[in-house]
Amino acid sequence: MMLAYLVRRSLYGAGTVLGVLLFLFVLFFLVTQPEDIARKALGEKAPPAAIAQWIANHGYDKPAFWNPAAPADTLIVEHFRRALTFDFGRSDADDVPIRRRLREGVGPSLALAAPLFVLELIMAIALALLVALFRDTYVDRTATVVCVLAMSLSMLLYIIAGQYVFGKVLKWFPISGFDPRPEVLVRFLALPVLVGLMAHVGEGVRFYRAVFIEEASRDHVRTARAKGLDDSTIMRRHVLRNALIPILTQVVVAIPFLFMGSLLLESFFGIPGLGSMTVDAIHGNDFATLRTMVYIGALLFVGGQIVTDVSYALADPRVRLE
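An account of the accompanying structure is given in this report. Bear in mind the structure is a predicted one, so any value in this text is a computation, not a measurement.

Reading the values: the criteria
Residues numbered from 1 in each chain as written. Predicted model: local features only at pLDDT ≥ 70, side-chain atom pairs only at ≥ 80, totals over all residues. Heavy atoms only, no water. Helix = DSSP H or I, 4+ residues; strand = E, 2+ residues; numbered from the N terminus. Expected span 1.5 Å × (residues − 1). Buried < 20%, exposed > 50% of the residue type's maximum accessible area, 1.4 Å probe, protein only. Contact = heavy atoms within 4.5 Å. Polar contact = N/O pair within 3.5 Å; in protein donor to acceptor, adjacent residues only side chain to side chain. Axes fitted to C-alpha atoms, helices over the stretch in contact; angles between N-to-C directions. Left-handed = near helix turned anticlockwise from the far one by under 90°. Parallel < 35°, antiparallel > 145°, perpendicular 65-115°, else oblique. Phe/Tyr/Trp six-rings, centres within 6.5 Å; stacked < 30°, edge-to-face > 60°.

## Some points on helix α7 (residues 155-169)
Along an α-helix, a turn takes 3.6 residues, which lines up residues three or four apart on a common side.
Point 1. Over its 15 residues, α7 runs 20 Å from end to end, which matches the ideal 21 Å to within 8%, given 1.5 Å per residue.
Point 2. Along α7, the positions that sit buried rather than exposed are M155, Y158, I159, G162, Q163, F166 and G167.
Point 3. Structurally, α7 contributes buried residues whose contacts are with α6 (138-152), α8 (182-216) and α12 (263-268).
Point 4. Where α7 starts, the residue carrying a side-chain oxygen 3.2 Å from the main-chain nitrogen of L156 turns out to be S154.
Point 5. Two residues or fewer past α7, K171 is found with a positive phi of approximately 60°.

Written out as structure tokens, the structure is:
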């Protein structure tokens, strides 16, 4: 049963990944021409001969969709071939092997994303339990208003305010930069982690609060309360334990994307991770790097969905993978 489900879901996921690759190719080459990619790499004042030579060297001189003389010798076939064989090639921007960039970027991305993810999860669940415990009181109403206000502000505002207040005025942390040495790594990561918490915890508290309040209204919770259990015990033993399914949904889906980093945080804080690598590829018309990052992101998304479904069955015996 489990094997059949995994095979079926993998086939569905393969269709999703292929669709994402097709959409990326069509969208990119609708708005960008090979000459634009070459000018980004060589400079706007590069002579036409150098641009033509660059295009030929990187294989962008082929027809995009159809070549009557050789149907397989097209950009779209090469696009799918490189992705499906994990032949990422070299960056269009600086000709550096993309595999090397991935190896160099995954460490900084995890150094930022892992502590941010763990702290955000713990804070969101703890605060949501507290708010749900005092539901329909001034604590609940105040927390709801604060969370909505926090969710309404742009991440850019948090980044700019955090850099100005904690970096420039108070001088507690460096405004940007990255140093992998353990003795100084925390100083460079503290501010982006703090900014990420301020920007995202409100959303998590709102989500888990709704889950906990719904779970607290069920019959088994009312029965436990009628038996004389105190509210804190009920929230911990009955509400939190029976809310594992939505918690797993949030956690398991998010874990694969820890490797991809945070686009804005890495870019604005100068962290050389995969997130800033993706942003640089977008700005620089680096199609080879962008294809790699989108492909890896699609694979991680599909894999996260499958792992989430399996975790449902492991966490709740009533869930059947059929």
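Now that the structure has been shown, we can carry on.
## Digging into the packing of helix α5 (residues 98-133) against α8
Point 1. The N-to-C vectors of α5 and α8 enclose an angle of 35°; their axes lie 7 Å apart at closest approach. Of the two elements, α5 crosses α8, and the hand of that crossing is right-handed.

## Looking at the packing of α7 against α8
Point 1. Axis separation between α7 and α8 bottoms out at 9 Å; the angle between their running directions is 140°. Between α7 and α8, the angle is such that the two are oblique. For the pair α7 and α8, the sense of crossing is right-handed. Residue-level inspection shows M155, Y158, I159, G162, Q163 and F166 of α7 in contact with α8, the latter providing L191, L194, V195, M198, A199 and H200.

## As for the packing of aromatic side chains
Any pair of aromatic rings gets described here by the distance separating the centres and the angle formed by the planes.
Point 1. With the rule as written, the count across this model stands at twelve aromatic pairs.
Point 2. Here F29 and Y60 contribute two aromatic rings whose centre-to-centre distance is 6.4 Å and whose plane-to-plane angle is 50°, an arrangement assigned as tilted. Placement of F29 in helix α1 (residues 2-31) and of Y60 in the loop between α3 (48-57) and α4 (75-84) is noted, with a sequence separation of 31 residues between them. In this structure, F29 and Y60 share a single accessibility class: buried.

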